[in-house]
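Coordinate inspection notes
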Amino acid sequence: MTDITNAPAGPRKATSTELVAASLKRRRRKQMRLQWIGLGAISIAFLMLFILVASLVSTGWQAFTQTHLTLEVYVDPEEIPEERLPRGGFDDALAASLGQMLPGVDMSDRATARAVEGILSNGAQFELRDRVVSDPSLIGQSVTMTVPVSDPYDQLNKGLIERATPEVNRRVKDNEIAWFDTLAENGAISKPFNFGLFANADSRFPELAGLKGALVGSFWALLTCFVISFPLGIGAAIYLEEFAPKNKLSDFIEVNINNLAAVPSVVFGLLALAVFIGWFGLPRSAPFVGGLTLALMTMPTIIIATRAALKAVPPSIREAALGLGASKQQVVFQHVLPLAMPGILTGTIIGLAQALGETAPLLLIGMNAFITSAASSPFDSSTALPTQIFIWADSPERGFVSRTSAAILVLLGFLVMMNAVAIYLRQKFERKW
Amino acid sequence: MNDMRKIERDANMTDTKITARGVNVYYGDTHAIKDVNIEITDKTVTAFIGPSGCGKSTFLRCLNRMNDTIDICRVTGEIRIDDQDINHKSVDPVQLRAQVGMVFQKPNPFPKSIYDNIAYGPRIHGLAKSKVELDEIVEKSLRRGAIWDEVKDRLDEPGTGLSGGQQQRLCIARAIATEPEVLLMDEPCSALDPIATAQVEELIDELHRDYSVVIVTHSMQQAARVSQKTAFFHLGNLVEFNDTSEIFTNPTDTRTESYITGRIG
């Protein structure tokens, strides 16, 4: 009421303090909103990552063990005479041994005998053969061996085939489950760590299939990629950053290198197919060609990372060296490059990690072939980790489902390892000034 | 050069070390230095003063051809050091910079050990024939840089771990390790506190017995304290060049007077 009498005409003007206070509320709300959105984005990203890894682990962990059967095989000289080695009735010897372990099963019936033999992996007879061939004195004796069981029994043992399922919908019939249970009761069944996953090359039989071929192929391909792209990438970056005149041509080159880094990888695969395999006649499916292709893709990444690292070296260091009478080349190699090394190495490793996971170009040069032995040189046919995943994901056998996930986990493991190395190198070589 | 002559030169201070005739510098289209003529005397401290952007640092960098490293920079005119045209085709800038040392505004030691910082110049120029000789050069340079006592026990530690003032004296020691004849200093104390500044100024005073020192400075007090000759630059022109005492007490140009009395700057 008193206001009316005292106030001059018109509403009182707010002081700037009041205006600031009013706007402060609004600004705080805005900031809080932004923080919550950021937090939400990170949570969603983490959730996705968690779901991805969890689903991989939940299907993949089974592949890190493999059901094995321990049995005693009598190497019958009548079935396996020494003079006929390496041929002989190894499968019959195994079947006879299984027959003894399953009393009451009529092994004279051909169909039953074949079904019993099916408990063992197809690789068992070759393992027996290899042992006998390397030591023929085993003929006439009993050999104890632990061999993988075939995929359906492995699935049964891991609980991936439900016993409750009606028999017609089950890959393992009731009598086969009974055999398996008899063997298990006798303590012949074990489930050790699946060393075969890393020690074996690819196979048609999931219980025998492993990643060795893919790991070796990826190793050769990455080695080739590194040996080619690292020196070329750094050389190109040093020239462009330190020596090249700044003109239209160098601008044009820079734009093109940046574009090259964004070219879809399948295009590099087509290029490699046409040039390396078509024109130069390099072998198909070879990790060397894969490495060349990956080098084409990695080089722009390395060039861009190296240029950024060179640019980040403070000009004061260059001036200091130039002022002392160092030549341009001495400045670059004695001062700038060592200081840029952490950045260069980080960029290179991230580029290589990208190359490790690259699939499309390798498919085009035939690195998705079915190859059952690891490459002994970069020119042998081979697969690589991502193409092996591609092949397994495409295979119909149940056992490959968990193996695909396991292979993805292995690939992710290598990627995490490479990134960890990058972080370590960056911290180790980073120098303060 | 024998000692007799050296004493003689110290006494009369009239030998010209650097002669510049009609020097122009262009950054692209910008005319940064306009027709500068100057004669810099041997074994004296010459200070370049002037407001920011007046071209004093640019002109300093002409004296060891550091402007060559800037693509768009173009220098015309004639600069002679001991009667040698430094812009002549036959002169290698690398050799010139061994002869004309430089200390920069911001202390910029290499991220290497104190020893390696000093030894770098002598190493690349092959000044030491043995490790013993190199050790001697390092010690001598650090002593002349007035920093030996502070670092003699930790020559293996990184030069970047020193304080700002120590780093700058390290950089001066590094510059004189290659035995230059001229020492260029581009605002060497602008990043230092008053105590470190005083130490560096004392050092500059020491150094001018052996070198021609050219120092760019923002501080007129510093110019008055350390230099015997002062040049005043304004908008790319060399306005006035005379004995320091004359410039500060009896300037002939009104622009110089305005600047030293604080009316422009």
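Reading the values: the criteria
Residues numbered from 1 in each chain as written. Chains lettered and ligands numbered in written order. Predicted model: local features only at pLDDT ≥ 70, side-chain atom pairs only at ≥ 80, totals over all residues. Heavy atoms only, no water. Contact = heavy atoms within 4.5 Å. Buried area = accessible area lost by both parts, 1.4 Å probe. Salt bridge = Lys/Arg side-chain N within 4 Å of Asp/Glu carboxyl O. Polar contact = N/O pair within 3.5 Å; in protein donor to acceptor, adjacent residues only side chain to side chain. Helix = DSSP H or I, 4+ residues; strand = E, 2+ residues; numbered from the N terminus. Buried < 20%, exposed > 50% of the residue type's maximum accessible area, 1.4 Å probe, protein only. Arc of directions from axis to C-beta. Pairing = 2+ DSSP bridges. Axes fitted to C-alpha atoms, helices over the stretch in contact; angles between N-to-C directions.

Under an unreviewed UniProt entry, chain A has the name Phosphate ABC transporter permease PstA and belongs to Lutimaribacter degradans.

**Some points on the interface of chain B and chain A**
Tallying the contact residues gives 24 residues for chain B and 19 residues for chain A. Counting the surface lost from both chain B and chain A, the interface buries some 1,700 Å², and carbon and sulfur atoms represent 62% of this. The largest contributions to the chain B side of the interface with chain A come from Phe110(B), Pro111(B) and Tyr120(B), which together make up 30% of the buried area. Between chain B and chain A we count 1 salt bridge in total. When the shortest N-O distance is used, the salt bridge between Glu319(A) and Arg61(B) registers 2.8 Å. Joining chain B to chain A, the criterion identifies 5 residue pairs in polar contact (both at pLDDT 80 or more). Where the side of chain B that touches chain A is concerned, the elements lending two or more residues are helix 3 (93–99), strand 6 (100–103), helix 4 (114–125) and helix 7 (164–176) of chain B.

**Side note on helix 4 (residues 110–117) of chain A**
All names here are of chain A. By the burial criterion, the buried members of helix 4 are Thr112, Ala113 and Val116. For helix 4, the angular spread of buried residues about the axis comes to 100°, placing them on one side. Away from its buried face, by an angle of more than 90 degrees, helix 4 presents the exposed residues Arg110, Ala111 and Arg114. Elements in contact with the buried residues of helix 4: helix 3 (90–101) and helix 7 (174–185).

**Structural notes on unusual backbone geometry**
Residue and element names in this part refer to chain B. Backbone geometry places aspartate 82, a non-glycine residue, at a positive phi of 50°. Tracing the backbone through its elements, the reader meets aspartate 82 in the loop between strand 4 (73–81) and strand 5 (84–85). For aspartate 82, a relative accessible area of 42% translates into the label partly exposed. Phi at glutamate 179 takes a positive value of approximately 55°, unusual for a residue other than glycine. Position of glutamate 179 among the secondary structure elements: in the loop between helix 7 and strand 7 (182–186).

**Examining the sheet that holds strand 9 (residues 229–234) of chain B**
By way of backbone hydrogen bonds, the strands of a sheet pair with one another, either parallel or antiparallel. All names here are of chain B. The sheet built from 6 strands is open, its strands ordered 6-7-8-3-9-10 with mixed pairing. The open sheet terminates on both sides in strands that have one partner only, identified here as strand 6 and strand 10 (237–243). Neighbour-to-neighbour, the strand axes of this sheet turn through a mean angle of 15°, independent of strand direction. The sheet contact formed by strand 3 (residues 45–49) and strand 9 spans 4 bridges and is parallel. Directly across from phenylalanine 48, in strand 9, lies its bridge partner alanine 231.

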